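Listed below are the residues making up each chain.
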Amino acid sequence: MPDLPLVGTVVVEVATGTASALASRMMAGYGAEVLKVEPPSGDPMRGVGPFPAGHADGETSAAFLYFHGGKSSVVLDLDTAAARAELANLLAGADILLTDVPLSKRESLGLSEAHLREAVPRLTVISVTPYGETGPQANYLATDLTEAASGGQMSLMGDPGKPPLKAYGNQAECQSAFHVYGAAMAALLLRFRTDKGSYVELAVQELQASAMEAQGPMAYNRDPAMPGLSSRTGNGMRVTWSQYRCKDGYAGIFVNAPNLPSFFEAIGRPDDLSRALDDEFMTGELLAYVKEWCAVRTRNEVYEVAIAIGAPFSYVATPDDLLTSPTIEQTGIWREVQHPIAGTFRVPGPPFRASNSAFELRPAPLLGEHTAEVLSHRSGHDAATVTAIVGQSAATRVNAAV
Amino acid sequence: MTATANAKPGTATADPNLPLAGIRIIDLTMVWAGPFATKHLVDLGAEVIKIEGPGRLDLVRTLTVPDPEVDEPYNNSRYFNEYNRNKLGMAIDMQKPAGQQIVRRLAETSDVLIENFRPGVIDRLGLSYDELHKINPRIIVVSLPGYSNIMPERGIPGYGPNVEQMGGLAHFNGYQDGTPQKSGVSYGDPIAGLGGAAAVLMALVQRERTGVGQYIEASQRNMLIGLVGDGVVAHQFGNEPHRIGNRSRIIAPQGVYPCAGDDGASADEADSWVAVSIVSDEQWVSLCQTIDRKDLIESGRYADVVARRAAHDEIDEIISGWTRERSSRAAADALQSVGIPSSPVLTPTGIRDDPQLGSRDFFRPVQHPELGEMSITAPTWHFHGVSRELEAAPRLGEHNRYVLTSLLDYTDDEVDELESSGIVASRPR
C-alpha cells in the first residue's frame, strides 16, 4: 500500500520565494505538516494573481493557490517579541526550517545559524539566498529577473540580435526548489545517523551556474567557444533542431544524430539520409521543405507521425492541451482542489510516479486559517493567549476562518 | 589488462561525515539529466558506479574535447568531467548475459539503480525493478524518461527542447507578444536530474521507516508541468497568459538594458546587458538620482507603478541612455549601492570571472591525467561543517577491476577472462 513518505515530518516555512514555496508544497503533498508563517498582511504572493473573475482578495491568487497548496497558514507578526517567541516554539517542534529571509534580518528574528544550532540542534535549516551568505554580493538585492541574470542561463535564451530573455515566472527559483527539496531529504538522512540537524546554504546564483550544459564547463576552463553554442540561438540552430510554425500553433523538431533515420523517414524523405552531412542541402532545400511540411500540418498531425515513426518531434502544448491529454491524465499528475472561495480547479500534483509514495494535497490555506489551531496544538495556548500573540486584526481573520 | 583498469578510487570518496556516506548507487544514465542527478548524489558522498558499455559510451565523452587528436579523446571531455566527477567508472557489455550478471550482482548490495534508457530497455536487460526487488528488497530504482512509460508516448524519444514544449513551459516563454520560446540551455535536463536526485533522496528517507525500496518514474515532462502550475491554474480562471518577456506584471520598470563591453566595445557591439528591477517608488527615486535625471522626480510624471507601466517603453529608453555609457558590472554595482536590485546578465565567461562566485570558491581545481589541472564547479548544497574533496571523472572502464574484485568477489583470473571476452573493457569498441 502506498504511504506518505514524509508523514510525521514538521516543516516551518519562513520565506517568500518560490524556491522554498514549491519545495515545501512537494513536502506537504508527500505527507509533511508544513506551517507557513505569514505576516498579518499575508505572503506577498497572495497579491500577485492572476485572480478569477470578480476576485482580487488575497485568497484567490493563482500563484498562491498553486505554490502554497497543502500547507497550514500561521499568521505571526514577527515585529513583536511574543510572535518571535511563538516562532521559536514552532521551531523547537519542527524537523526542517525553510527560510530565505534577508541575512541582515535573521538575527533579530532568531533565525541566525549560530542561534539555531544552539537552540534547536536537531533542526535542519535550508537557507536560500540569491548569492549565498558570504562574499561581496551577499547582501545584494534580487528579483526574479536579476536572479535569472546572475545565474548565466538567461544569457543563452532569446533570439540573436535581441536582448537576452528571462524564462516564464521565476525559473531561477523553480529549479532551486528541487535543490531545496533534495537538500532537505539529504539532511534528514544524515540525521538518522547523527541525530543532529544540518545547516544547508543554497545560493540561487550557484544553483543555475552549475547547470550550464556544455557551455559552462568549456568557458570555465577557457576553452574556445563552439560555434553556435556560446550565444543566443533563438528557437533553433539548424534544420533538425528548431521550432516551426504549423497550422494551429508551433511544432518542434529536435533531432540528434542517432535519430536522423527516423527524422528523414518521418518527413517522407528516407532516401535523403545520405545527404545529412551536405550543408548546402540541409540549410537550403531541406529547410524549406521542413518549414512547408510543418506549415501544412496541425500540431497533432506532426505528433501522430512522431508516434508512428519514433522521431523526436513535439509541439508547443497549451494549458488546455495539458489538462485534456488522456496520457498525461493517466500518469496521475492531476489533483483536484476544492477551495472555499476560488472554487474547484486542477493542479499538477506529484512530481514523481512512485510505486510506494502517495501524494495528497489540501487547498492552499486562507490567511491565518490555522493560526489558532497550530498555536493551541503546538504550544498549548488558549484562545485568549492566541489572540494576544497574533494581534487583534489577525485574530479577527483567524476567527472568521475557523 | 591495462594499468588504468586496476585503479582504485582516490581518498575523496571516503569521507564518513557526508550525508550519503555508505550509500551505493548504480548509475546507468548518460548525457545530462541522469549524470546531473548522480552528480548531486556523489557530491553528497554516495558511491556512484557509472556503468557504460564498450559500444555504449556516454555521448558527451566525445563532446567538448579540447584536443580531439589525443590518444583517448573520450576521456578528455570537459562536459563529461564536470557532471561525472568522483564517480567510479565501469564499461560493461550489457547486451551479454555475463555483463547483465555483473550488474545484477552489484544490485544485491546497492541502495539505488538509476537509469535513463528509453522505456522498456531496462526490462529487456533483466534489470527491471520487479527483478531487482527479488534479489534486494531494499533497492530503489529510479527511471528518468522524457515523457512516461505509457502508450502511445512511451516509444517517442524526447530531448530537452521537445519536452519543454510538451510540458507547457515553451508556451509561456517568450518576448512581449512574441512566439513561444525555447530555453537557452536544454532546461528539461537539469530539472529532470534534480527531480531524479530528489526522488532518490526521498525514497531513501522513506526506506528508513518502511525497510523496503520502491520504483519511481521521474518524468521530465511531468516535472516541467509542475513549474507552470500557476499558469495552469490561471488558465482555469479564464486568464490566458500573454507573453511579457523580461517585464513584470507587478512592478515597473523592469528589463535588461544594453551596456558597453568590458573591453570598451560600444553598447551596439558588445552584446552586454544589465538587468534592473524597480520594485518600489523609493527605488524609482534612487534610480533617477543615480542616472542623473532628478528632473523626472520633480516632474512627478512616473511617480507610481501605474504611470511607469504606461510609459515603460519611454522609461526603458531613458535607462538605456545611462547604461550604454558603462559596463554591465559598473551599472549593476552602482544601482546595488543605492538599494536597487540589479545584475549583469552573466554569460558563461561572465560566470567564470564573476567576483562573487570567485570569492566563494565556486570553481575547484582537479587533476586530470591528460588535461592537467582543470576547473569544475563546487558542490552547490553547502552542508556547513562538511566538505567534499573533488576529483576528475573516471576514464572509460577505469574502475572495472576495482569494483569486480573489491566490491564483488570476482577473482583476478575471472576479470582477465571478462576482459579478454570483451564483457568489460577500458577502450571503446
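What counts as what
Residues numbered from 1 in each chain as written. Chains lettered and ligands numbered in written order. Predicted model: local features only at pLDDT ≥ 70, side-chain atom pairs only at ≥ 80, totals over all residues. Heavy atoms only, no water. 1 Å grid on protein atoms, 1.4 Å probe; cavity = no way out; pocket = protein on both sides within 12 Å on 5 of 7 lines; lining within 4 Å. Points joined across faces, edges and corners; volume = space filled by probe spheres on them. Helix = DSSP H or I, 4+ residues; strand = E, 2+ residues; numbered from the N terminus. Pairing = 2+ DSSP bridges. Contact = heavy atoms within 4.5 Å. Axes fitted to C-alpha atoms, helices over the stretch in contact; angles between N-to-C directions. Buried < 20%, exposed > 50% of the residue type's maximum accessible area, 1.4 Å probe, protein only. Polar contact = N/O pair within 3.5 Å; in protein donor to acceptor, adjacent residues only side chain to side chain. Salt bridge = Lys/Arg side-chain N within 4 Å of Asp/Glu carboxyl O. Domains from an automatic or database assignment. Buried area = accessible area lost by both parts, 1.4 Å probe. Nonpolar A, V, L, I, M, F, W, Y, C, P; charged D, E, K, R; others polar.

### Details of empty space enclosed by the protein
All names here are of chain A.
- Inspection of every chain in the model, using the stated rule, returns five cavities of 30 Å³ or more.
- Volume-wise, the largest cavity comes out at about 170 Å³.
- Residue lining of the largest cavity: 19 residues in total, with Q153, M154, M157, A167 and Q171 positioned closest to the centre.
- Among the elements that take part in the lining of the largest cavity, helix α7 (residues 171-194) stands out by supplying three residues, more than any other.

### Structural notes on the sheet that holds strand β12 (residues 382-383) of chain B
- If you trace the seven strands from one edge of the open sheet to the other, you get β3(A)-β2(A)-β1(A)-β4(A)-β5(A)-β6(A)-β12(B), paired in mixed fashion. Single-partner strands in this sheet number two, and they are β3 (72-75) of chain A together with β12 of chain B.
- With two bridges connecting them, strand β6 (residues 199-203) of chain A and β12(B) associate as antiparallel partners. Looking at the pairing, A:V200 lines up with B:F383 of β12(B).
- Along the sheet, helix α15 (residues 371-379) of chain A makes contact with β1 (10-14), β2 (33-38) and β3 of chain A, crossing β3(A) at roughly 85°.

### Observations regarding the side chain of A:S127
Residue and element names in this part refer to chain A.
- Structurally, the position occupied by S127 is in strand β5 (residues 124-129).
- Overall, the relative accessible area of 0% leaves S127 in the buried class.
- Side chain to side chain, S127 and E133 meet in a polar contact 2.4 Å long.
- If near-sequence neighbours (up to four positions away) are discounted, S127 is found in contact with T99, R106, E133, Y199, V200, E201 and L202.

### Details of the sheet that holds strand β5 (residues 140-143) of chain B
- Pairing within the open sheet is mixed, and its seven strands lie in the order β13(A)-β6(B)-β5(B)-β4(B)-β1(B)-β2(B)-β3(B). Where the open sheet ends on each side, the last strands, each with one partner, are β13 (353-354) of chain A together with β3 (88-91) of chain B.
- For strand β1 (residues 24-27) of chain B and strand β2 (residues 47-52) of chain B, the ladder comprises four bridges, and the chain directions are parallel. Bridged to B:D27 within β2(B) is B:K50.

### Here's the deal with the pattern of salt bridges
- Overall, the coordinates contain 54 salt bridges over all chains when judged by the stated rule.
- With its nearest N and O atoms 2.7 Å apart, the salt bridge here joins A:R46 to A:E38.
- A salt bridge links B:R352 to B:D353; its shortest N-O distance comes to 3.1 Å.
- Linked by salt bridges that have partners in common, B:D71, B:E72, B:E370, B:R395 and B:R427 make up one network.

### Here we look at the domain arrangement of chain A
- Taken as a whole, chain A is organised into domain 1 (10-211 + 330-401) and domain 2 (241-318).
- Between domain 1 of chain A and domain 2 of chain A, the C-alpha centre-to-centre distance is 42 Å.

### Here's the deal with the interface of chain B and chain A
- With 134 residues of chain B at the interface, the matching set in chain A holds 140 residues.
- Between chain B and chain A, roughly 11900 Å² of surface is buried when both sides are summed, and carbon and sulfur atoms account for 63% of that area.
- A salt bridge links A:D3 to B:R209; its shortest N-O distance comes to 2.7 Å.
- Joining chain B to chain A, the criterion identifies 61 residue pairs in polar contact (both at pLDDT 80 or more).
- Among the elements that line the side of chain B that touches chain A, the one with the most residues is helix α8 (residues 188-210) of chain B, at 14 residues.
- Split by residue class, the side of chain B that touches chain A holds 68 nonpolar, 48 polar and 18 charged.

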